[in-house]
Amino acid sequence: MRENALELHGVCKKYSGFALRNVGFTLPRGTVMGLIGENGAGKTTLMKVLFGLETPQTGKVYMDGKEVKILNTLDAIEKGIGMVHQHFMLIPSLTVAENVVRGVEPMKNGLFDFKKAVEMTEEVAKKYNFNIDPMARVSDLSVGQMQKIEIMKVLIKGAKIIIMDEPTAVLTPQETEELFEQLLLLKES
């Protein structure tokens, strides 16, 4: 029996009222899970808890069978959790490679190593079957391509769990289909 990648038990988050009340679920390794619910149901709050943007009042989180505390976003990333936000966090004037390596910038002689950034981006693109030009300016790309860059950003930092907040909200039907195909490929790896 394989261990779950992630488990939540009794997670509560309260603002003026409850956003999350006694939430629990398990995420088996190698699966894709979707959360559905009405606006205000707490989906985004739950994702923020898992990514260290919010701290729950109660509850426990387990990764690979061990209880963990997710202190902040850097801690979540260190634990192998990445998040693709609904509103992309890309710098349009930069290239794909410059955006992908943000936070793990390669340096050479104390300066940003653009050639190495392109190599790193090509490596992650090839490994996960992303067809995207590392030299392209983000401002010239489609929304679907921008989302791929966001996914590559979390993969290059070593994410084993990828949280996506409303990933299809801004996509065309064709881009949505491509995203689902990409998620199946990621699941396999």
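In what follows, the structure referred to is the one given above.
Below is a summary of the structure that appears in this document. (Residues numbered from 1 in each chain as written. Predicted model: local features only at pLDDT ≥ 70, side-chain atom pairs only at ≥ 80, totals over all residues. Heavy atoms only, no water.)

1. Observations concerning the pattern of salt bridges
Opposite charge on two side chains lets them pair, provided their charged atoms get close.
Right, so step 1: Per the stated rule, a full pass over the model turns up 7 salt bridges.
Right, so step 2: Between Lys153 and Glu150 there is a salt bridge whose closest N-O contact spans 3.1 Å. With a gap of 3 residues between them, Lys153 and Glu150 both fall in helix H5 (residues 143-156), about one helical turn apart. Comparing Lys153 with Glu150 shows no difference in burial state: the two are buried. (Salt bridge = Lys/Arg side-chain N within 4 Å of Asp/Glu carboxyl O. Helix = DSSP H or I, 4+ residues; strand = E, 2+ residues; numbered from the N terminus. Buried < 20%, exposed > 50% of the residue type's maximum accessible area, 1.4 Å probe, protein only.)

2. So, the sheet that holds strand E3 (residues 58-63)
Right, so step 1: An order of E2-E1-E3-E4 is seen for the 4 strands of this open sheet, with the pairing classed as antiparallel. If you trace the sheet from one side to the other, it starts and ends with strand E2 (18-28) and strand E4 (66-68), each paired once. Here the average twist between neighbouring strands, direction ignored, is 25°.
Right, so step 2: The pairing of strand E1 (residues 4-14) with E3 spans 5 bridges and is classified as antiparallel. Counted as the bridge partner of Leu6 is Met63 from E3.
Right, so step 3: Against the sheet, helix H1 (residues 43-50) touches E1 and E2, its axis set at about 65° to E2. (Pairing = 2+ DSSP bridges. Axes fitted to C-alpha atoms, helices over the stretch in contact; angles between N-to-C directions. Contact = heavy atoms within 4.5 Å.)

3. Observations regarding the pairing of E2
Right, so step 1: Pairing between E1 and E2: 7 bridges, direction antiparallel. For Lys14, the partnering residue across the bridge sits in E2 and is Phe18.
Right, so step 2: Taken together, E1 and the strand that follows it, E2, pair antiparallel across an intervening segment of 3 residues.

4. A few points about the layout of surface pockets
Right, so step 1: Computed from the structure, the largest pocket encloses a volume of approximately 1,300 Å³.
Right, so step 2: If you go around the largest pocket, you meet 43 residues; those closest to its centre are Thr31, Lys160, Ile161, Ile162 and Ile163.
Right, so step 3: Counting only elements with at least two residues in the lining of the largest pocket, the list comes to E1, E2, H1, helix H4 (114-127), H5, strand E8 (161-164) and helix H6 (173-188).
Right, so step 4: Looking at the lining of the largest pocket, its residues break down into 26 nonpolar, 7 polar and 10 charged.
Right, so step 5: Its volume calculated, the second largest pocket comes out at about 260 Å³.
Right, so step 6: Lining of the second largest pocket is provided by 16 residues; of these, Phe51, Ile77, Met83, Lys153 and Lys157 occupy positions nearest its centre.
Right, so step 7: When contributions to the lining of the second largest pocket are tallied by element, the ones reaching two or more residues are helix H2 (73-78), strand E5 (81-84) and H5.
Right, so step 8: Along the lines of polarity and charge, the residues of the lining of the second largest pocket split into 7 nonpolar, 5 polar and 4 charged. (1 Å grid on protein atoms, 1.4 Å probe; cavity = no way out; pocket = protein on both sides within 12 Å on 5 of 7 lines; lining within 4 Å. Points joined across faces, edges and corners; volume = space filled by probe spheres on them. Nonpolar A, V, L, I, M, F, W, Y, C, P; charged D, E, K, R; others polar.)

5. Some remarks on the side chain of Thr176
Right, so step 1: Here Thr176 is to be found in helix H6.
Right, so step 2: Once you skip the residues sitting within four places of it in the chain, Thr176 turns out to touch Thr168 and Leu171.

6. Structural notes on H5
Right, so step 1: Taking 1.5 Å of rise per residue, the 14 residues of H5 would be expected to cover 20 Å, and the 20 Å separating its terminal C-alpha atoms lies within 8% of that figure.
Right, so step 2: With 11 of 14 residues buried, H5 lies mostly within the body of the structure.
Right, so step 3: Packed against the buried residues of H5 are E5, helix H3 (96-100), H4, E8 and H6.
Right, so step 4: Backbone geometry just downstream of H5 places Gly158 in the positive-phi region, at approximately 90°. (Expected span 1.5 Å × (residues − 1).)

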